[in-house]
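This is what each chain is made of:
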Amino acid sequence: MILCTAGALVLLYVLSYPDSIMPANPALDYVQGITYYDFKPWMWLAPFLFMEVVSVAGPRRNLVWFTALLTVMGAALIAWPVLTATCPELVHPTFEYEDGKLAQGMVYMFCVLGLTMFTRLVVLRFLFPPEPVENPDDINNVDADVLDPSKALTIREILANHKKVKPKFLFGNVDEERLSTIRAILRRLQRLSNWQTAGWLTIIALILGWFFFLPQPTAEQALQRDMRTMYQYVTLPDGTRRATFPAVHAAYRVMKHISDKELFANYSKKTAEKWLGLQNVPAEYRAILRDESDMPVASVDDIFDSRTRFLTVTDGRRVAVLYIRTNQEGNIINIAEVQDAGWNAKADDIRKRFGTASSNLYYYN
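To start, this report covers the structure provided alongside it. What you see is a predicted model; the values in this text were computed from it and never measured.

### Regarding the pairing of strand 4 (residues 319–326)
Remark: a regular strand shows side chains that alternate across the two faces of the sheet.
At step 1: Strand 4 sits mainly inside the fold: 6 of its 8 residues count as buried.
At step 2: Hairpin connection between strand 3 (residues 308–314) and strand 4: a loop of 4 residues separates the two successive antiparallel strands, and G316 in this loop has a positive phi of roughly 100°.
At step 3: Where strand 4 and strand 5 (residues 333–341) come together, 8 bridges link them in antiparallel fashion. For L322, the partnering residue across the bridge sits in strand 5 and is V338.
At step 4: Between strand 4 and strand 5, which pair antiparallel in sequence order, lie 6 residues; one of them, G330, sits at a positive phi of approximately 80°.

### Description of the sheet that holds strand 5
At step 1: In space, the 3 strands of this open sheet follow the order 3-4-5, with antiparallel pairing throughout. The sheet is open, and its two borders are formed by strand 3 and strand 5, each paired with just one other strand. Across the sheet, the mean angle from the axis of one strand to that of its neighbour is 15°, orientation sign disregarded.
At step 2: Docked against the sheet, helix 9 (residues 245–261) engages strand 3, strand 4 and strand 5, running at close to 145° with respect to strand 5.
At step 3: Each of strand 3, strand 4 and strand 5 is contacted by helix 10 (residues 269–276), which is oriented at about 20° to strand 3, the strand it contacts most.

### Some details on unusual backbone geometry
At step 1: Despite not being glycine, K101 has its phi angle at roughly 65°, a positive value.
At step 2: Residue classification places K101 among the buried residues on the basis of a relative accessible area of 10%.
At step 3: The phi dihedral of N266 is positive, around 70°, even though this residue is not glycine.
At step 4: Among the structural elements, N266 can be located in the loop between helix 9 and helix 10.
At step 5: Accessibility expressed as a relative area gives 62% for N266, which makes it exposed.

### Observations concerning the packing of helix 4 (residues 61–86) against helix 5 (residues 101–127)
At step 1: With their axes 11 Å apart at the nearest point, helix 4 and helix 5 run at an angle of 160° to one another. Taken together, the axis directions place helix 4 and helix 5 in an arrangement best described as roughly antiparallel. Two packed elements cross with a definite hand, and for helix 4 against helix 5 that hand is left-handed. Facing R61, N62, W65, F66, L69, L70, V72, M73, A76, L77, W80 and L83 of helix 4, the residues of helix 5 in contact are L102, A103, M106, M109, F110, V112, L113, T116, M117, R120, L121 and R125.
At step 2: For the contact of helix 4 with helix 5, the per-class residue count stands at 19 nonpolar, 2 polar and 3 charged.

### Points about a nonpolar patch on the surface
At step 1: On the surface, a cluster of nonpolar side chains totalling about 540 Å² of accessible area is made up of L179, I182, I185, L186, L189 and L192.
At step 2: Accessibility expressed as a relative area gives 40% for I185, which makes it partly exposed.

### Side note on the pattern of salt bridges
At step 1: In total, this model carries 18 salt bridges according to the counting rule given.
At step 2: Across the salt bridge formed by R225 and D226, the nearest N and O atoms sit 3.2 Å from each other. Each member of the pair, R225 together with D226, is buried.
At step 3: Residue E337 is joined to R325 by a salt bridge in which the shortest nitrogen-to-oxygen separation is 3.3 Å. In this pair, E337 is assigned in strand 5 and R325 in strand 4, connecting sequence segments 12 residues apart.
At step 4: Connected through salt bridges with shared partners, the residues E89, R225, D226 and R253 form a single ionic network.

### Describing the packing of aromatic side chains
At step 1: Enumeration over the complete set of coordinates arrives at 13 aromatic pairs.
At step 2: Ring geometry for Y13 and Y17: centres 5.3 Å apart, planes at 50°, overall tilted.
At step 3: Relative accessible area serves as the criterion here: at 41%, Y13 is assigned to the partly exposed category.
At step 4: We classify Y17 as buried; its relative accessible area is 14%.
At step 5: Ring centres of W80 and F211 lie 5.5 Å apart, and the angle between their planes is 65°; this geometry places the pair in the edge-to-face category. Taken together, the positions of W80 in helix 4 and F211 in helix 7 (residues 176–213) put the pair 131 residues apart, joining distant regions of the chain.
At step 6: Residue classification places W80 among the buried residues on the basis of a relative accessible area of 15%.
At step 7: Aromatic rings pair up to connect F95, Y97, Y252 and W343 into one cluster.
At step 8: Against the face of W65 rests R120, its NZ or CZ located 4.4 Å from the ring centre.
At step 9: Seen from the ring of Y323, R307 lies directly overhead, with NZ or CZ sitting 3.9 Å from the centre.

### Some remarks on helix 5
At step 1: The end-to-end C-alpha distance of helix 5, which contains 27 residues, comes to 37 Å, matching closely the 39 Å that a straight helix rising 1.5 Å per residue would cover.
At step 2: Its axis deflected by about 30° at T119, helix 5 carries its strongest bend there.
At step 3: Looking only at helix 5, the buried set comprises K101, L102, A103, G105, M106, M109, V112, L113, T116 and R120.
At step 4: In this structure, the buried side of helix 5 is in contact with helix 1 (2–16), helix 3 (45–55) and helix 4.

Definitions and cut-offs
Residues numbered from 1 in each chain as written. Predicted model: local features only at pLDDT ≥ 70, side-chain atom pairs only at ≥ 80, totals over all residues. Heavy atoms only, no water. Buried < 20%, exposed > 50% of the residue type's maximum accessible area, 1.4 Å probe, protein only. Helix = DSSP H or I, 4+ residues; strand = E, 2+ residues; numbered from the N terminus. Pairing = 2+ DSSP bridges. Axes fitted to C-alpha atoms, helices over the stretch in contact; angles between N-to-C directions. Contact = heavy atoms within 4.5 Å. Parallel < 35°, antiparallel > 145°, perpendicular 65-115°, else oblique. Left-handed = near helix turned anticlockwise from the far one by under 90°. Nonpolar A, V, L, I, M, F, W, Y, C, P; charged D, E, K, R; others polar. Patch = residues over 30% accessible without salt bridge, like charges linked within 9 Å, V, L, I, M, F, W, Y side chains within 5 Å. Areas by Shrake-Rupley, 256 points an atom, 1.4 Å probe, with all protein chains shown as cover. Salt bridge = Lys/Arg side-chain N within 4 Å of Asp/Glu carboxyl O. Phe/Tyr/Trp six-rings, centres within 6.5 Å; stacked < 30°, edge-to-face > 60°. Lys NZ or Arg CZ within 6 Å of the ring centre and 35° of its normal. Expected span 1.5 Å × (residues − 1). Bend = angle between axes of the 7 residues up to and from the residue.

Below you can see the structure in the form of structure tokens.
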């Protein structure tokens, strides 16, 4: 049961976050023949087959299989609203070129559950029906030698040798006390069955209520949450500071909000820094965030672009950058733009090549 549950947990992870196991690699587009990337759509078969092997190792394979699946799916449903409120990037993809996250994984898990219920409980039971269990005490059981045709009698012979059997009852008067005890036991068993059914229905109702009705943050509350999260960082052994995984996603959402709403239009740099709450960030890390020097970004070629890097949050792989364009004096912000990179190397390469081609003069001829 434990091994099968672990396999179901791995199966959910593989179906939800395949890019974290096998990230996109644009260099493989130029490789001839079969590469390991061709097996990415079939990675889920490894934990699935592991679960199959583990579940058939014992006599109660269906109990082990469905208990493992339902345990993991129930835990995921319980975690869903909590993750949506705190780390939405784990439930839904931030970008359209990402994998489907937990939302996609749960859809696939329900498909696995439905298909295995049909194959195990319908198809396999029809093809391999369970052997009937014989009860030696059944009065309808007759030995084969009694039914031997060579010893068969005709109806006349049976009538001629008719023996009237006088039944002999082994029971005396009805023991009401014993019957009352038996009835009490049966009522107790019925109550236990009812309580068990009610308990399962209550658990299912609580999980569904938790999933659908757990309060979620409003748009303003989500923005405040992201502004607190975007400045989280870790210090590496060499002393450098890097943003955490949730911080980069939160930073992108904040920057996207600023860009879409044009919040920094006509702001000075000091006013924009105050709005971002940079005064509350430690000075060493704030200097890294506010570094305005040129930095190559995998998804864009800024060599001929006249915009300034205003805020940069990166965990070493993913990067979210807020660029600004100012007036001639450079003291007032006109436009703020967000740029992302590092989530999908293939998408970054496509965007960069498209941007380079569109900036070429021949593109307009």
